[in-house]
Amino acid sequence: MARSFAPLTLAAALAAGCSGSSDDGGTGGTTGSGGPSSTSGSAGGDAGSSSSSASGTGGASGSNSGASTSASSAAGTGGGGAGGSGSASSSTGTGGTTNPGSGLGSGRMEGSGRSSERYETGLVSRDGTPYVLITNGWGPGFGSHTVSWEGTSFTVESMSGSAGSMGQPASYPTVFCGRYSVPEVPDCGLPAPSRSITSLRTGWRWAKNGNEGEYNAAYDIWMGNGTRLQGYLMVWLRDPPSYQPAGQPNPAHQGVTVANVPGTWNIWNGMVNGLPIVNWVRAEGNDSYEIEFDVMDFVRDAEMRGLSVPGDHVNAVAVGFEIWEGPITNLKSVDFYVDVN
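The present account deals with the structure reproduced in this document. (Residues numbered from 1 in each chain as written. Predicted model: local features only at pLDDT ≥ 70, side-chain atom pairs only at ≥ 80, totals over all residues. Heavy atoms only, no water.)

Comments concerning the side chain of Glu214
Stage number 1. For Glu214, the location among the structural elements is in the loop between strand 10 (200–207) and strand 11 (217–224).
Stage number 2. One buried charge, Glu214, has no salt-bridge partner; the nearest side chain with opposite charge is Arg238, at 6.2 Å.
Stage number 3. A distance of 2.8 Å separates the side chain of Glu214 from the side chain of Ser242, its partner in a polar contact.
Stage number 4. In contact with Glu214, other than residues within four places in its own chain, are Pro240, Pro241, Ser242, Tyr243, Glu322, Ile323, Trp324 and Glu325. (Helix = DSSP H or I, 4+ residues; strand = E, 2+ residues; numbered from the N terminus. Buried < 20%, exposed > 50% of the residue type's maximum accessible area, 1.4 Å probe, protein only. Lys, Arg positive; Asp, Glu negative; His and termini not counted. Salt bridge = Lys/Arg side-chain N within 4 Å of Asp/Glu carboxyl O. Polar contact = N/O pair within 3.5 Å; in protein donor to acceptor, adjacent residues only side chain to side chain. Contact = heavy atoms within 4.5 Å.)

Have a look at this one:
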């Protein structure tokens, strides 16, 4: 979530990611993460990953006037600053409401494109289930990027930029299912009431391709009432050297495991622009490049630890890279799916 600066507002926090500083509903971002490690995540973000901001529906901390795109009228996918206009270069994927959950590496991808626009929206699909991709260069330190995609797979071919003064990432290229930070809401099964969900399986595989710098690889899960965002859950598969999640490390929940989920996690929790966030973070240097789990296991884990966030719906599930500093070359999201039952 992060965005440009000026006094942060809730809307600003929602735009781009959950790490550091945050913006609110900007098209395309995630909840913000928290900022440079020296700030212990106090800088800004709404909810979300360590130094970025939470993506919110519609806008970022900046003007987020938004870029209109041919594939959508998203006001500034990505949130932060004013959006760049640009026609979406992707083709529309086929519809469908249920993902067969065929696992990683075997999905049928539809909808492809390539863009250097700061805020671009691409309508894509995997195995007939629709998703939305946003290039999301929302941070105040954004320089330039080129992103290509096919279905839920995308590559950050190049990216330049730097962290904002409050620790915001420069960008958060993202693909998602549900009601997220742009007007487009793919018919993927989300939002859905938590009580009606039997399982919410998801999987993600990514490849760093030699990129060792200041970026994370993170899930951004929006909780709310089906329309309004009320809190964030983030799952960091990579913790960069100099940036951290929003909130503070919770001393009672370090080196923990989550039922039915592989790996060991350090939990950070706190507030981003008035909304609660809980982050499960892999230890620095212990990156996870592939994972499959039931999102509801993280929801139950938060509740069991007394860290639950408000909201009786899962609004959206997103994955992407919060990038604080370039250059980045050929950082790749290989495959991603969400299967709502």
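Remarks on the environment of Cys177
Stage number 1. Topologically, Cys177 is positioned in strand 8 (residues 174–178).
Stage number 2. Accessibility expressed as a relative area gives 0% for Cys177, which makes it buried.

Some points on the state of the cysteines
Stage number 1. Applying the stated criterion across every chain, the model contains 1 disulfide.
Stage number 2. Across the disulfide, Cys177 is cross-linked to Cys188 (sulfur-sulfur distance 2.0 Å). Because the torsion about its S-S bond is 90 degrees, the bridge between Cys177 and Cys188 counts as right-handed. Of this pair, Cys177 sits in strand 8 while Cys188 sits in the loop between strand 8 and strand 9 (192–193), placing them 11 residues apart in sequence. In terms of burial, Cys177 and Cys188 fall into one category: buried. (Disulfide = S-S within 2.5 Å.)

With respect to the nonpolar core
Stage number 1. By size, the foremost hydrophobic cluster in this structure holds 54 residues, and its most contacted members are Leu190, Leu200, Trp265, Trp280, Val317 and Phe321.
Stage number 2. Among the elements that take part in this core, strand 20 (residues 328–340) stands out by supplying 6 residues, more than any other.
Stage number 3. Counting 25 residues, the second-largest nonpolar core is a separate cluster that includes Tyr180, Tyr232, Met234 and Ala246. (Core = buried A, V, L, I, M, F, W, Y, C linked by side-chain atoms within 4.5 Å.)

Quick look at the environment of Glu157
Stage number 1. Mapped onto the elements of the fold, Glu157 is located in strand 7 (residues 153–161).
Stage number 2. Measuring from C-alpha to C-alpha, the distance between Glu157 and Lys332 comes to 8.2 Å, with 175 residues separating the pair along the chain.
Stage number 3. If sequence neighbours within four positions are ignored, Glu157 has contacts with Arg114, Thr146, Ser148, Ile328, Thr329 and Asn330.
Stage number 4. A distance of 2.9 Å separates polar atoms of two side chains, one belonging to Glu157 and the other to Arg114.

As for the packing of aromatic side chains
Stage number 1. Evaluated as defined, the whole model comprises 19 aromatic pairs.
Stage number 2. Pairing Trp204 with Phe321 gives two aromatic rings, centres 5.7 Å apart and planes at 45 degrees, and the pair type is tilted. Residue Trp204 is located in strand 10, and its partner Phe321 is located in the loop between strand 19 (313–320) and strand 20; the two are separated by 117 residues in the primary sequence.
Stage number 3. Residue classification places Trp204 among the buried residues on the basis of a relative accessible area of 0%.
Stage number 4. With a centroid separation of 4.8 Å and 45 degrees between ring planes, the pair formed by Trp206 and Tyr289 is classed as tilted. With a gap of 83 residues between them, Trp206 in strand 10 and Tyr289 in the loop between strand 17 (275–281) and strand 18 (290–294) connect regions that are remote in the sequence.
Stage number 5. Tyr289 sits in the partly exposed class, given a relative accessible area of 32%.
Stage number 6. Positioned over the ring face of Tyr215 is Arg238, at 4.0 Å from the centre of the ring.
Stage number 7. One residue, Arg282, lies across the ring of Trp265, its end atom 5.3 Å from the ring centre. (Phe/Tyr/Trp six-rings, centres within 6.5 Å; stacked < 30°, edge-to-face > 60°. Lys NZ or Arg CZ within 6 Å of the ring centre and 35° of its normal.)

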